[in-house]
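# Fold and contact review
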Amino acid sequence: MNKIEKTIFEDALFNQYKNRDFTYMTNYINNCIENNGFALTPDDIKTQLLGKSRKNTFEEFIDAVLNNSSDIKDQAHNNANLLYNKEGRLLPLRRVPIKIRATVAEKAWLYFVLADPKTDLFLEQTTKDKLKEALSDNIDFPLKNEYIDIKTLSKNDNSDFKGDFAANFKIIAEAISQKSYLTATNTSFSGKVYADQKIVPYKIEYSPLFNSFSLSCYPVESGRPVKMNLKNLSHVKMGEKIKNYDEVIAEFQKNCLT
């Protein structure tokens, strides 16, 4: 095999668009790095790659993955050297996870989503700018709003998810992540004020019908699960760690079902 043929072969072997087994080998290697118990025998891997319904087998690919090219005269250099045999099982030669690469459709979707102002709640502006810059030259068919018809989406375009709302959102998300208490003042739509409530935060929910976020939580004083619209919250602060978090959440979930 000359240099040009070898380059074409390697390109086909490791290109996610040209080789249908790219995803299989990526997952296999990553799984084995996490747990050697996922390792298969050479025969098992060959069976997986061939598949029962395949009419045209990629024998060169299988030989390269299983390092069987060395059994063929003058073909040892074609071995992929991805795996090595340990007690009859094939394990990754390099203990480095393979990064999962986004497809063209996934890149287009991400670029589309980044245009939504609600992503400011989850990503810093510098992160968004870096993503947009990285994606700008890799999207041949960008998505546009007119391409997508979300029938249940609220027609209320006046929602402001910036300023204090964004700051409160990030504090609440951090408290949920850290399994910590929150203190917040909740002003209901009727005008009643619940000042400086101590709250066990459970999860943030989004309603596309009303274009609004709410906090599913457990106020300590009331002792019952409630939902609070994030627009009605003020003076939001993260408190101390919840020592018996799992027990409190289990009780919360139980009350939600009754």
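In case you missed it, the structure is sitting above this.
A quick note: this is a predicted structure, and the numbers were derived from the prediction, not measured.

## A look at helix α5 (residues 104-114)
When we look at burial in α5, the residues that qualify are A108, F112 and L114. Looking straight down α5, one finds that the buried residues subtend no more than 165 degrees of arc, so they occupy a single side. Check the buried side of α5 and you find it contacts α6 (125-136).

## A word on the side chain of N168
Here N168 lies in helix α7 (residues 163-178). Classification of N168 as buried rests on a relative accessible area of 12%. Excluding anything up to four places from it in sequence, N168 contacts L233, S234 and V236.

## So, the pairing of strand β3 (residues 180-187)
Across the 8 residues that make up β3, a large majority, 6, are buried. Note: β3 against strand β4 (residues 193-207), 5 bridges, orientation antiparallel. Each residue of the ladder has a partner; that of T183, found in β4, is K198. Between the antiparallel neighbours β3 and β4 lie 5 residues, among them G191 with a positive phi of about 100 degrees.

Scoring rules and cut-offs
- Residues numbered from 1 in each chain as written.
- Predicted model: local features only at pLDDT ≥ 70, side-chain atom pairs only at ≥ 80, totals over all residues.
- Heavy atoms only, no water.
- Buried < 20%, exposed > 50% of the residue type's maximum accessible area, 1.4 Å probe, protein only.
- Helix = DSSP H or I, 4+ residues; strand = E, 2+ residues; numbered from the N terminus.
- Arc of directions from axis to C-beta.
- Contact = heavy atoms within 4.5 Å.
- Pairing = 2+ DSSP bridges.

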